[in-house]
Amino acid sequence: MLSSRGNKKAELMNIPWRCAPPHTYDKEMNPAGLISFGTAEHSPMRSEIANRLPNAVASHLNNILKPLSSIDPETVIIASGVTAIGNMLGLTLAEPSDGILVSRPVYGRFELDYGVEADIQIVYADTDPEEAFTPAVVEKYEVALKRAQKQGIRIRAMLIVNPHNPVGRCYPTETLKEILRFCHNRRLHLISDEVYASCVFDSGDPKAVPFTSALAISTPGLIDPNLVHLLYGFSKASSLSTDPDFASGGLRLGFLVTANAPLRQACKAILRLHSPSTASTTIAATLLEDQAFVTQFTRKSRLSLASTYRIATSTLDQEGINYVKGGNAGFFVYIDLSPYLPEPGRPVQEREFALAQRFLDAKVFLHPGEEHAREAGWFRLVFAHDEGTLRVGLGRYVLFYVFQIEIQGS
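Residues numbered from 1 in each chain as written. Predicted model: local features only at pLDDT ≥ 70, side-chain atom pairs only at ≥ 80, totals over all residues. Heavy atoms only, no water.

## Description of the environment of Ile335
Here's step 1: Along the polypeptide, Ile335 turns up in strand E8 (residues 332-336).
Here's step 2: Here the alpha-carbon distance between Ile335 and Trp378, two residues 43 residues apart in the chain, equals 5.6 Å.
Here's step 3: Once residues within four sequence positions are removed from consideration, Ile335 is found in contact with Leu316, Asn322, Tyr323, Leu366, Gly377, Trp378, Phe379, Leu381 and Tyr397. (Helix = DSSP H or I, 4+ residues; strand = E, 2+ residues; numbered from the N terminus. Contact = heavy atoms within 4.5 Å.)

This is how it looks when you write it as structure tokens:
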């Protein structure tokens with residue numbers, strides 16, 4: 001089930017004398033247990049923190065994900081960011097140059113997360129933003145998988161982002177079920193990136209789809225539980241980090257939840273290079289254990305996101321700028337600026353970069369959509385700012401700059 005690299009990593013933990021056997025002595029409960037003089041740790045203080053964060057993470061995820069079976073702290077791997085988890089999964093689930101299937105548009109940095117060190121290819125199933133959330137999307141996955149096979153690329157896993165980045169939608173339950181069935185039938189691992197699980201808000205759209213976690217529907221009848229791996233965290237990357245649920249990207253914490261014991265074993269070997277600091281885990285545990293604070297913070301965050309989302313979309317509506325409707329999660333509006341691409345006659349990607357540069361010259365940054373979409377001209381607008389900053393930014397690029405470009409025909 002793991003890659004050859006994954007199996008080798010798991011075996012590293014079994015090399016004789018490589019790892020210290022666990023200290024099992026307890027004066028009351030296990031007086032005959034092993035007393036280890038080989039592990040360099042301050043043992044009187046270890047019990048204060050060793051299990052604190054996994055327990056807190058499991059409790060928190062049980063609250064927000066509503067899994068069919070409660071998450072056991074033993075199934076939680078903690079690393080220095082979700083990007084680190086992605087790299088670990090690339091190394092353990094696939095061989096060099098194997099592929100991970102992703103529908104596009106999508107967060108473009110996955111090519112780096114899974115490719116820089118693990119050398120995994122992101123294989124795109126091209127869909128329009130509407131189609132990506134329907135059960136029929138599995139047909140596009142099938143086409144992409146067969147195309148990859150013809151190119152000699154073995155697909156080992158599928159990756160979904162739910163709630164979605166950059167579209168800002170949640171996957172309907174029926175679509176998730178079809179994806180789970182597809183992965184089970186193809187023996188593909190499903191990686192469900194759910195870092196924005198708490199960032200779901202009331203957008204005012206009655207048709208907006210509520211959030212459903214993969215763990216809330218992944219019954220053994222749909223998929224082998226050993227194929228499902230959930231990602232969550234306080235930050236995505238180790239630099240230029242996003243901070244999804246708790247505005248705490250600097251803590252550099254990512255969590256993998258998986259029932260796959262060999263995978264956890266392999267990840268623990270690699271974790272030597274991606275362990276979080278004790279300070280980060282202590283702060284995170286303290287935060288998550290304060291449920292009154294978490295409830296209050298989440299409520300305030302959702303109200304703020306709802307407000308700024310409506311400001312952004314109402315401005316776009318007023319100015320006639322197309323964007324993907326139905327968003328109710330994350331920090332993004334996915335907007336179509338293809339009518340405003342400058343410099344006709346140049347390659348379309350260069351025109352997109354030129355538009356991004358003009359925005360930057362006007363003191364507004366929008367990430368070019370070439371990493372997120374098949375077609376040029378789509379950009380991800382992050383609306384999660386304070387109201388004053390958001391309105392200034394919208395004024396700079398929507399009310400003045402875009403239409404100046406359009407009028408001048410430059």
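## With respect to the sheet that holds strand E2 (residues 99-104)
Here's step 1: Strands sit in the order E1-E7-E6-E5-E4-E2-E3 across an open sheet of seven strands; the sheet is mixed. A strand with exactly one partner marks an edge of an open sheet, and here the two such strands are strand E1 (76-79) and strand E3 (121-126). Within the sheet, the average angular offset between the axes of one strand and its neighbour, ignoring direction, is 25°.
Here's step 2: Sheet analysis places strand E4 (residues 155-161) next to strand E5 (residues 189-193), joined by five bridges and oriented parallel. From the neighbouring strand, Val161 faces E5, where its bridge partner is Asp193.
Here's step 3: Here helix H6 (residues 137-150) sits on the sheet and contacts E2, E3 and E4; the angle it forms with E3, its principal contact strand, is near 135°.
Here's step 4: Relative to E4, helix H7 (residues 173-186) is tilted by about 170°, and along the sheet it contacts E2, E4, E5 and strand E6 (228-233). (Pairing = 2+ DSSP bridges. Axes fitted to C-alpha atoms, helices over the stretch in contact; angles between N-to-C directions.)

## Topic: the pattern of salt bridges
Here's step 1: The final tally for this structure, using the stated rule, is 15 salt bridges.
Here's step 2: Note that Lys177 and Glu174 form a salt bridge whose closest N and O atoms lie 3.8 Å from each other. One end of the pair is Lys177 and the other is Glu174, both in helix H7 and three residues apart, which spans about a single turn.
Here's step 3: Each of the salt bridges in this network shares a partner with another, and the network as a whole consists of Glu343, Arg346, Glu350 and Arg358. (Salt bridge = Lys/Arg side-chain N within 4 Å of Asp/Glu carboxyl O.)

## A word on the nonpolar core
Here's step 1: Core analysis: the largest hydrophobic core is formed by 63 residues, its most contacted members being Tyr114 and Ile335.
Here's step 2: With seven residues, the top contributor of residues to this core is helix H4 (residues 82-93).
Here's step 3: Non-local contacts of Tyr114, meaning those with residues more than four positions away in its chain, are made with Gly86, Leu89, Gly90, Ile100, Asp119, Ile120, Ile122, Leu159, Ile191 and Leu231.
Here's step 4: Formed by 60 residues, the second largest nonpolar core is a distinct cluster that contains Ala132, Leu180, Leu253 and Trp378. (Core = buried A, V, L, I, M, F, W, Y, C linked by side-chain atoms within 4.5 Å. Buried < 20%, exposed > 50% of the residue type's maximum accessible area, 1.4 Å probe, protein only.)

## Remarks on the packing of helix H9 (residues 278-289) against helix H10 (residues 291-319)
The description of two packed helices rests on the angle between their axes and on the distance between the axes.
Here's step 1: Their axes nearest at 5 Å, the elements H9 and H10 cross at an angle of 80°. As judged from the angle between their axes, H9 and H10 are roughly perpendicular. Contacts between H9 and H10 involve Leu287, Leu288 and Glu289 on the former and, on the latter, Gln291, Phe293 and Val294.
Here's step 2: Of the residues contributing to the contact of H9 with H10, the split by class is four nonpolar, one polar and one charged. (Parallel < 35°, antiparallel > 145°, perpendicular 65-115°, else oblique. Nonpolar A, V, L, I, M, F, W, Y, C, P; charged D, E, K, R; others polar.)

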